[in-house]
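Summary of structural features
Residue-level listing of the chains:
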Amino acid sequence: MFPNTQHTRGRVRRGFTGAAFVAAAVVALAGCAGGGGEGQGGGGDVGPEGLDDGTTLSMWTRAATQAQSEAFVEAYNASHENQVELTVIPTDDYQAKVGAAAGAQNLPDLFAADVVFVPNYTSQGLFTDITDRIASLDFADDIVQSHIDVGTYEDRQYVLPHTMDLSVMFWNKTLYEQAGLDPEAPPTTLEEFAEQARAVDALGGDVNGTFFGGNCGGCAVFTWWPSVWADGGEVLNEEGTEATLDTPEMESVFEIWRGLVADDVVAPGFREETGATWTGVFPEGNVGVMPMPSTTIGLMPDDLDFGVAPLPGVEGGESTFVGGDSIGIAASSEKADAAWNFLAWTMSDEAQLEVVAQNGDVVARSDLASNEYSDADPRLVTANEIAAEGRTPKSLRFGEAFNDPNGPWLAMVRNAVLEDGGEFDQRLEEIDAILSQ
Amino acid sequence: MTTDTSTPPVAARPEPAPRGRPRRSLHRRRSVAGIAFALPTAVFVLLLFVLPLFTVGQMSLSEWTLLGGNLGLNAPDNYSDLWSSPLLWPSIGFTLLYTGIVTVIMLSIALGIALLVQESTRWTSFLRTAVLVPSALGLASASLLFFGLYSPNIGPITPALQSLGLIDEAISFLGTPQAALWSTVFLVIWRFTGFYMLVLLVGLQGISLDVYEAGRLDGASRWQLFRDITLPLLRPSIALSLILCVTGSLLAFDQFFILTRGGPDNSTVTVVQLIYREAFSSFDLGGAAALSVVVLLVLVVLNIVQFRALRSTD
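Residues numbered from 1 in each chain as written. Chains lettered and ligands numbered in written order. Predicted model: local features only at pLDDT ≥ 70, side-chain atom pairs only at ≥ 80, totals over all residues. Heavy atoms only, no water.

A few words now on the overall build of chain A. Scanning chain A from N- to C-terminus turns up 17 helices and 11 strands. Split into buried and exposed, the 437 residues of chain A put 63% on the buried side. Expressed as a percentage of contacts within chain A between residues at least 6 apart in sequence, the contacts between residues at least 24 apart total 77%. When the accessible surface of chain A is split by element, carbon and sulfur atoms take 46% of a total near 15500 Å². (Helix = DSSP H or I, 4+ residues; strand = E, 2+ residues; numbered from the N terminus. Buried < 20%, exposed > 50% of the residue type's maximum accessible area, 1.4 Å probe, protein only. Contact = heavy atoms within 4.5 Å. Areas by Shrake-Rupley, 256 points an atom, 1.4 Å probe, with all protein chains shown as cover.)

Next up on the list: the side chain of Arg277 of chain B. Residue placement: Arg277 of chain B occurs in helix H12 (residues 271-280). With near-sequence residues (within four places) excluded, Arg277 of chain B lies in contact with Asp404, Asn406 and Gly407 of chain A together with Leu87 and Ser282 of chain B.

For any two helices packed against each other, one specifies the inter-axial angle together with the distance between the axes. All names here are of chain B. Two elements in contact, helix H4 (residues 122-132) and helix H7 (residues 177-205), have axes whose closest approach is 7 Å; the angle formed by their N-to-C orientations is 135°. As judged from the angle between their axes, H4 and H7 are oblique. Between H4, through Arg128, Val131 and Leu132, and H7, the contact on the second element is made entirely by Thr193, Gly194, Phe195, Met197, Leu198, Leu201 and Gln205. For the contact of H4 with H7, the per-class residue count stands at six nonpolar, three polar and one charged. (Axes fitted to C-alpha atoms, helices over the stretch in contact; angles between N-to-C directions. Parallel < 35°, antiparallel > 145°, perpendicular 65-115°, else oblique. Nonpolar A, V, L, I, M, F, W, Y, C, P; charged D, E, K, R; others polar.)

This brings us to the pattern of salt bridges. Residues and elements named next belong to chain A. A complete count under the given rule lists 19 salt bridges over all chains for this structure. A salt bridge links Glu184 to Lys173; the shortest N-O distance between them is 3.3 Å. Of the two residues, Glu184 is situated in the loop between helix H8 (173-178) and helix H9 (190-201) and Lys173 in helix H8; the sequence distance between them amounts to 11 residues. The exposure class of Glu184 is exposed, given its relative accessible area of 53%. Through salt bridges with shared partners, a single ionic network connects Arg62, Asp114 and Asp325. (Salt bridge = Lys/Arg side-chain N within 4 Å of Asp/Glu carboxyl O.)

Let's shift gears to the side chain of Arg191 of chain B. Residue and element names in this part refer to chain B. Topologically, Arg191 is positioned in helix H7. Among buried Asp, Glu, Lys and Arg side chains, Arg191 stands out as unpaired, with Asp254 the closest opposite charge at 8.8 Å. Ignoring sequence-local partners within four residues, the contact set of Arg191 consists of Pro134, Ser135, Leu137, Gly138, Leu139 and Ala142. (Lys, Arg positive; Asp, Glu negative; His and termini not counted.)

To continue, consider the pairing of strand E1 (residues 62-65) of chain B. Residue and element names in this part refer to chain B. Side chains Ser62 and Trp64 project from E1 onto a buried face, and the interleaved Glu63 and Thr65 project onto a face without burial. Judged from the three bridges that link them, E1 and strand E2 (residues 69-73) form a sheet pairing that is antiparallel. Bridge pairing in E2 links Trp64 to Asn70. The antiparallel hairpin formed by E1 and E2 contains three residues in its connecting segment. (Pairing = 2+ DSSP bridges.)

What follows deals with the domain arrangement of chain A. Residue and element names in this part refer to chain A. Domain boundaries in chain A define domain 1 (6-165 + 324-387) and domain 2 (166-321 + 395-435). For domain 1 and domain 2, the distance between their C-alpha centroids amounts to 29 Å. For the domain 1 and domain 2 pair, buried surface summed over both sides reaches about 2000 Å², with 62% attributable to carbon and sulfur atoms. Taken together, the connections running from domain 1 to domain 2 amount to zero salt bridges. In this structure, the connection of domain 1 to domain 2 is made through four residue pairs in polar contact (both at pLDDT 80 or more). The set of elements that each furnish at least two residues to the side of domain 1 that touches domain 2 consists of helix H1 (5-8), helix H5 (118-123), strand E6 (160-172) and helix H14 (378-389). For the side of domain 1 that touches domain 2, the element with the most residues is H14, which contributes six residues. (Domains from an automatic or database assignment. Buried area = accessible area lost by both parts, 1.4 Å probe. Polar contact = N/O pair within 3.5 Å; in protein donor to acceptor, adjacent residues only side chain to side chain.)

Residue and element names in this part refer to chain A. The end-to-end C-alpha separation of helix H10 (residues 217-230) is 20 Å, in line with the 20 Å expected for 14 residues at 1.5 Å each. In H10, a bend of some 30° at Trp224 exceeds every other bend along the element, and Pro226, a proline, comes one to four places later. Summarising burial for H10: 14 of the 14 residues are buried, a large majority. Among the residues trailing H10, Gly232 stands out with phi positive, at a value near 90°. (Expected span 1.5 Å × (residues − 1). Bend = angle between axes of the 7 residues up to and from the residue.)

For the rest of this paragraph, the subject is the pairing of strand E11 (residues 322-329) of chain A. Every regular strand shows the same layout, with side chains that alternate between the two sheet faces. Residue and element names in this part refer to chain A. Burial analysis of E11 places eight of its eight residues in the buried class, the great majority of the element. Sheet topology places E6 next to E11; six bridges connect them, and they run antiparallel. For Leu160, the partnering residue across the bridge sits in E11 and is Ile327.

This part covers the environment of Ile434 of chain A. All names here are of chain A. Position of Ile434 relative to the elements: it lies in helix H17 (residues 424-435). Take Ile434: its relative accessible area is 11%, and that puts it in the buried class. Sequence-wise, Ile434 and Ala243 are 191 residues apart; in three dimensions their C-alpha atoms are separated by 10.0 Å. Sequence-distant contacts of Ile434, that is, excluding residues within four places in its chain, are made with Arg397, Glu400, Ala401 and Pro408.

All names here are of chain A. With their axes 7 Å apart at the nearest point, helix H11 (residues 248-262) and helix H16 (residues 408-418) run at an angle of 55° to one another. As far as their axial angle goes, H16 and H11 are oblique. Here Met250, Phe254, Trp257, Arg258 and Val261 of H11 come into contact with H16, specifically with Trp409, Met412, Val413, Ala416, Val417 and Leu418.

Here the focus is unusual backbone geometry. Even without glycine at this site, Gln105 of chain A takes up a positive phi of about 55°. Mapped onto the elements, Gln105 of chain A comes out in the loop between helix H4 (94-103) and strand E3 (110-114). A positive phi angle, near 60°, is found at Asn266 of chain B, a position not held by glycine. Mapped onto the elements, Asn266 of chain B comes out in the loop between helix H11 (254-259) and H12.

Before going further, it helps to spend a moment on the packing of aromatic side chains. Summed over all chains, the structure comprises 40 aromatic pairs over all chains. Aromatic pair Phe146 of chain B and Tyr150 of chain B: ring centres 5.6 Å apart, planes at 70°, arrangement edge-to-face. Taken together, the residues span about one helical turn, with Phe146 of chain B and Tyr150 of chain B both in helix H5 (residues 139-150) at a distance of four residues. Of the two residues, Phe146 of chain B and Tyr150 of chain B, both sit in the buried class. One cation-aromatic arrangement involves Arg365 of chain A over Phe139 of chain A; the distance from NZ or CZ to the ring centre is 3.8 Å. Stacked on the ring of Phe192 of chain B, the Lys or Arg Arg191 of chain B has its end atom at 4.5 Å from the ring centre. (Phe/Tyr/Trp six-rings, centres within 6.5 Å; stacked < 30°, edge-to-face > 60°. Lys NZ or Arg CZ within 6 Å of the ring centre and 35° of its normal.)

Attention now goes to the interface of chain A and chain B. On the side of chain B, 34 residues touch chain A, which itself brings 37 residues to the contact. When chain A packs against chain B, close to 3000 Å² is buried across both sides, 54% of that on carbon and sulfur atoms. In this assembly, chain A and chain B are joined by two salt bridges. Our enumeration of links across chain A and chain B arrives at seven residue pairs in polar contact (both at pLDDT 80 or more). Of all the secondary structure elements, the ones that give two or more residues to the side of chain A that touches chain B are H4, H5 and helix H15 (398-403) of chain A. The element that contributes the greatest number of residues to the side of chain A that touches chain B is H4 of chain A, accounting for five residues. A class-by-class count of the residues in the side of chain A that touches chain B yields 13 nonpolar, 12 polar and 12 charged.

Here it is as C-alpha cells:
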C-alpha cells in the first residue's frame, strides 16, 4: 500500500493486456540500447559510485510515487552520462506487472516497490545483492535503517530507500485557537489527541474533530500501529510470522478511536472510506487533528495553518510508520554497475537536498534531517527527525493479512472501532494463519 | 459453344469450359485465398484465446505463485483449497443476488425506454441519445465518477440536499451493505441501460407494422398487442440481452473494486474480486486460475442452458 498509494488508489485498473504489451515493448527497446558494466553483485573494482559511462537504464515505479521518481530521474539525467528511462505503472497493477516480468525475466534494471512488499521480492531473489556497495558509501550508517532492515534477507541487503512516507499527526492551528486550545501544543499522548479532537468537534457546524479511513486496513496499520510502538508495544514478532495484536496497547488504541466514533467526533464518510480519499478531508480545513502521511505536507493549501507532530502513544512516547518505496537493482540486470551509479547518487547530499528536501519531502538520511530547506519549515524538521525512530513492519504475508480490503485485519478494526470489538480472537487467528504460511 | 450439341443450351450457364486441371487449380486457388483470409483471425484466436486458456488450465493444476512462477504440478490442491475460503459462498451468493437484481431492473427499464422511443421524432431521438451517452464511458471511469458523486466529503449530492433542507446528516451511499449494493446497482443501470435499449430497439423496429394492424383489426387492446405480438416477436432480442446481461453481471468486478472494494464488511465481494484477491493479494496464481476455470465452466453451462431455453420455444 501505503499511504501514498492512497492518493491514486482506486484509479482506473484496466487495459491490462494493452499495458503489458507496451511494457514488454519498452523493456525490449531498453534491452537493445547500450551496453554497460558487467555487473557482478558485490561492487568489485568499479568504485563506490558505480559506472557513469552513458548506459541507458530502464526503471519502473508505481504511480503513487511518480512525482518523487520523476524528480530524481530528471535531475540525474541532466547531470550524468547514464540515462534513466522511467516507466510509471498504475499502482494497483504494480504487483501484477512485476510478477509477470519476473516470470519472463523481463524486469527493468531498476525497480522501486512499496516497502512492505519488499520482503516478497527479496525472498524470491528478484533484487541484486548490494550489501558491499551500500557499505562502501561514506554515509552508510546514516541511511534510514527501517527500509534497509525490511530489504535485508538472510543477512544480505538488497534495497535503498527511494521515497519516504511517514505517518505523522496533522493539526489545524486555526481551529485549535477557535476551540480555546494552544495552537502550538500538539497532543503528546493519544488521550490528549482524543481530548483535543473533542474540543474542536464542539465548535459544531461543519467542523469535526478528526477523521480516519474506516474501510481501509492499510490506513489503520499506518496511523495506529505507531501509537502501539510509542508505548513500547509490538504488533508482529520479529520474523513477521505471528501477530501480537492482543496487547493492552493495541486495545487502548482501539478503545480511544471507538470512543471518538461513538461520540460522533469523526467527520462523515469514515465508515466507507476505502483509502482513496482519506487524505482529502483535512485540507478542506474543517477537521481538527488527524494522523496522515508526511507526503501530503507539500500538498496542503497555502492558506491552511497547520502543524505536524510525531504520533504519540497512549501513555506518551512517539513513533511513526516509515512507509514509502524502496528501490533495488533487478537480479536479471546486466548493467548493475551503471544502475548502482544512479542508486548511490539518489542517496548523495546533492540529491537528498536539491531533489528531496527542496520538494518538501522527507530525506532518507538522518544526518541531513536539518537542512537549509527543512529549516524554513519546522514541520519538515519534525518529519525528518522522527524518520530515524520510525519502524517498518516486515512480513512476507503483509499485504494479504493487513492491506487486503477483504482480509481479517480490516474486519478486526471495523469490529473493534465501529462496533463492540467482538470476534477479536477469531480475527487474530485468521491473521496468524495467513502470516505463518 | 456453337458446335457442341451434347450440352443443352442454357441461358446463364456458369463459367464455361474450364475442365480438369484448370478447374481444380482455380478451386485450390480459391481455398488458399479463403485460408489466407481466415488466417489472421485464426492466429489471433489461437494466440489470444486458446493459448491463454491452456495456460490458465495448466496454472490451475500447478503450484504457481505470482513472483516465483511455475513450481510444478500439484493437482488437485488448487481446486480442493477453493472450498476452504470463507468468502467463497458469500461471494457466490452476492454475485447471484446482484445479477438477479440488475438483470430484472435493467432489462425492464431498457424495454420500457425502447418502447417509448421507438418512433422517430425529434424529442425521442434526443431521449435515445441521452440514454445512450453513458455507454460511451468506460465502466471504470463511470465508477470513479460515481465514487466522487457518492462521497460524503467531496460529493455534490449531500450539500445539494442539505441546502434544500431535505436532510441534516450526510447520506452514506456506500456505508451500509444495502446502500452499497443499491448505489452500485444504480451506477450499473445508468451505465448500461442505453446499450440494452439499443438492442431491444433494433428488435422492435424489426417487427412489421402489418402484424399490429392485423391485431388491431381483430380488436386487440394495447396490452394484448404488447403481450401477444411485441413480446413473442422480440424474443431473439430479449434472449440476446438476457445472455449478455447475466454473463456480464456474473463477471462484475470494476464497479465494486472501485466503489466498495468488497466492503463494507465484505458484503459486496463478487466472485471475480475473489479471483483478483487470490492472484494479487495472496500471490497465488494457481488458486486464482482454479477459480477462473470453475467460473468459466459455470458460465459455459449457464449460456448453453439459456440458449436452449430461449430457442426451444421458438
